[in-house]
Amino acid sequence: MLTKKQKDLLVFINQHIQTQGISPSFDEMKVALNLKSKSGIHRLIKALEEREFIKRLPNRARALEVLKLPDAVEKANESLVSIPGAEVISAIAVPMMGRIAAGVPISAIEIQSDTIEVPMTMLSGGDHYALEVRGDSMVDAGILDGDTVVIKRTSNAENGDIVVAYIIEDSEATLKKLRRKGNSIALEAANPNYETRIFGPDQVKVQGKMVGLIRQYR
């Protein structure tokens, strides 16, 4: 029996290997599962290894092999493909709302420019949208210039969540890690070259939190 986090990580690893041809990095796993540190990913990986769901491939970086999936996932897949003419829905279109800076803030995102197919495993209940990242201030969180981040629309966020933060005074939005310290809100970069910015409680509005990341390899 797997815990929810173990199952979520296993499904994410399997999906990443199927779509990208390589297992995800620990940073990508951390972001996908919304964990605060890589140590949590190490524990989940070890648990999956011990239960023989995955194995590490020797002498290769970022090399994991999925040996099996949970029975519930396997049965769901079998039931879908066994119905003649059934359409297997593995992705859903969400609005692409333009670009957001992960470095210097840019204008707030408000107008839909396109749609993008997002794996259903990234989505939970609620409204979602996607943004193309510009800048390098979140590289240590595994978010690179040109990546697409999937955002769940919400005004609530916990410490450590990566959020789309709307800075009211400047009418700008930015992608940063949120920390609340007393009556202050800190927007933290994941790159030592960028400073943490501190705001009052009425100066920043959360427009969503990151729940997934899509990267194209060219």
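Residues numbered from 1 in each chain as written. Predicted model: local features only at pLDDT ≥ 70, side-chain atom pairs only at ≥ 80, totals over all residues. Heavy atoms only, no water.

1. Focus: the nonpolar core
- The biggest cluster of nonpolar side chains holds 19 residues, and the ones touching the most others in it are Leu 131, Ile 143, Val 149, Ile 151, Val 164, Leu 175 and Met 210.
- Counting residues per element, the ones that place at least two in this core are strand 3 (91-101), strand 6 (128-134), strand 7 (148-152), strand 8 (162-167), strand 9 (172-181) and strand 12 (204-214).
- Residues contacting Ile 151, with those up to four places away along its chain left out, are Asp 127, His 128, Tyr 129, Leu 131, Val 164, Leu 175, Gly 208, Lys 209 and Met 210.
- If you look at the next biggest cluster of nonpolar residues, it comprises 16 residues, including Ile 13, Ile 45, Leu 48 and Leu 69. (Core = buried A, V, L, I, M, F, W, Y, C linked by side-chain atoms within 4.5 Å. Buried < 20%, exposed > 50% of the residue type's maximum accessible area, 1.4 Å probe, protein only. Helix = DSSP H or I, 4+ residues; strand = E, 2+ residues; numbered from the N terminus. Contact = heavy atoms within 4.5 Å.)

2. Brief notes about the environment of Thr 121
- Counting through the fold element by element, Thr 121 comes out in the loop between strand 5 (114-119) and strand 6.
- In the structure, Thr 121 is positioned 91 residues away from Gly 212 in sequence and 9.2 Å away in space, judged by C-alpha atoms.

3. Concerning the packing of aromatic side chains
- Across all of its chains, the model carries zero aromatic pairs by this definition.
- Taking NZ or CZ as reference, Lys 68 lies 4.7 Å from the ring centre of Phe 53, over its face. (Phe/Tyr/Trp six-rings, centres within 6.5 Å; stacked < 30°, edge-to-face > 60°. Lys NZ or Arg CZ within 6 Å of the ring centre and 35° of its normal.)

4. Topic: helix 3 (residues 38-50)
- Between its first and last C-alpha atoms helix 3 spans 18 Å; for 13 residues at 1.5 Å apiece the expected length is 18 Å, and the two agree.
- When we look at burial in helix 3, the residues that qualify are Gly 40, Ile 41, Leu 44, Ile 45, Ala 47 and Leu 48. Looking down the long axis of helix 3, one finds its buried residues gathered within 160° of arc, a one-sided arrangement. Facing away from the buried side of helix 3 by more than 90 degrees, the exposed set consists of Arg 43 and Glu 50.
- Count one or two residues on from helix 3 and you reach Glu 52, which has phi positive near 60°. (Expected span 1.5 Å × (residues − 1). Arc of directions from axis to C-beta.)

5. Concerning the pattern of salt bridges
- Inspection of the entire model under this criterion finds 12 salt bridges.
- Notably, a salt bridge pairs Lys 4 with Asp 8, separated by 2.8 Å at the nearest N-O pair. Here Lys 4 and its partner Asp 8 are both found in helix 1 (residues 4-20), four residues apart, which amounts to about one turn of the helix.
- Residue Asp 8 is classed as partly exposed on the basis of its relative accessible area of 29%.
- For Glu 65, the salt bridge goes to Lys 55, with nearest N and O atoms at 3.8 Å. You can see Glu 65 sitting in strand 2 (residues 64-66) and its partner Lys 55 sitting in strand 1 (residues 54-56), a full 10 residues away along the chain.
- By relative accessible area, Glu 65 is classed as partly exposed at 33%.
- Put simply, Arg 99, Glu 132, Arg 134 and Asp 145 are held in one network by salt bridges that share partners. (Salt bridge = Lys/Arg side-chain N within 4 Å of Asp/Glu carboxyl O.)

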